[in-house]
Amino acid sequence: MTPADQAVVHREVVVNAPIDNAFATFVERFGDFKPKEHNLLGAPITGTTFEPQVGGHIFDRAEDGSECHWARVLVYDPPDRVVFSWDISPLWQLESDTSHASEVEVRFVAESPDRTRLVLEHRNIDRHGPGWEGIREGVEGEAGWPLYLARYAALLSGVG
């Protein structure tokens, strides 16, 4: 495996939902499956917002009204794909230097009229600089993208 291959995490999940519904649920209900314990704020999270346009943000809002804008929407192409930055450093703090951000691309592929495959690629993780391997391990591990996608699938199936 090359260093570039090591800086990419791939995950997929198939859901029993039409592509339009699968895409809309991912964007409109992101806060319903994002773990609230994934929190960079000083107070508990009350909600997470995914702004549905290029230039928008993904951000958490806390009980005290503070906000943490931890991603920027780079591509918004419903119902096929969305790409957003990962503006979180290897120290699990906000990264202010956008050249040190990785990218998350989420593609939605219709397998049938009522079945969609979500393909997630978190790439360029090495852009985060020293300690980037910790980000890869975090997003690749069971508390990372696998947890998000399991909760997303459960949300679409009406479980949980």
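Right above here is the structure, for reference.
Computed from a predicted model, the values in this text were never measured in an experiment.

Caption draft 1: Expanded view of the packing of aromatic side chains. If you walk through the whole model with that rule in mind, you get 18 aromatic pairs. Taking the centre distance of 5.7 Å and the plane angle of 75° together, the rings of phenylalanine 26 and tyrosine 152 count as edge-to-face. In this pair, phenylalanine 26 is assigned in helix H2 (residues 19-28) and tyrosine 152 in helix H5 (residues 145-157), connecting sequence segments 126 residues apart. Phenylalanine 26 gets classed as buried once you look at its relative accessible area, which sits at 0%. With relative accessibility at 0%, the residue tyrosine 152 sits in the buried group.

Caption draft 2: Representation of the sheet that holds strand S2 (residues 45-50) within the structure. The strand order S1-S7-S6-S5-S4-S3-S2 describes an open sheet built from seven strands, whose pairing is antiparallel. What marks the edges here is a single partner per strand, and that holds for strand S1 (9-15) and S2. Averaged over all pairs of adjacent strands, the angle between their axes in this sheet comes to 20°, without regard to strand direction. Bridging between strand S3 (residues 57-62) and strand S4 (residues 67-77) involves five bridges; their strand directions are antiparallel. Residue pairing in the sheet places arginine 61 in a bridge with glutamate 67 of S4. Across the sheet, H2 lies against S1, S2, S4, strand S5 (81-86), strand S6 (102-112) and strand S7 (115-123), angled at about 155° from S6, the strand it touches most. Strands in contact with H5 are S1, S5, S6 and S7; relative to S1, the strand with the most contacts, it is inclined by about 10°.

Conventions used here
Residues numbered from 1 in each chain as written. Predicted model: local features only at pLDDT ≥ 70, side-chain atom pairs only at ≥ 80, totals over all residues. Heavy atoms only, no water. Phe/Tyr/Trp six-rings, centres within 6.5 Å; stacked < 30°, edge-to-face > 60°. Helix = DSSP H or I, 4+ residues; strand = E, 2+ residues; numbered from the N terminus. Buried < 20%, exposed > 50% of the residue type's maximum accessible area, 1.4 Å probe, protein only. Pairing = 2+ DSSP bridges. Axes fitted to C-alpha atoms, helices over the stretch in contact; angles between N-to-C directions. Contact = heavy atoms within 4.5 Å.

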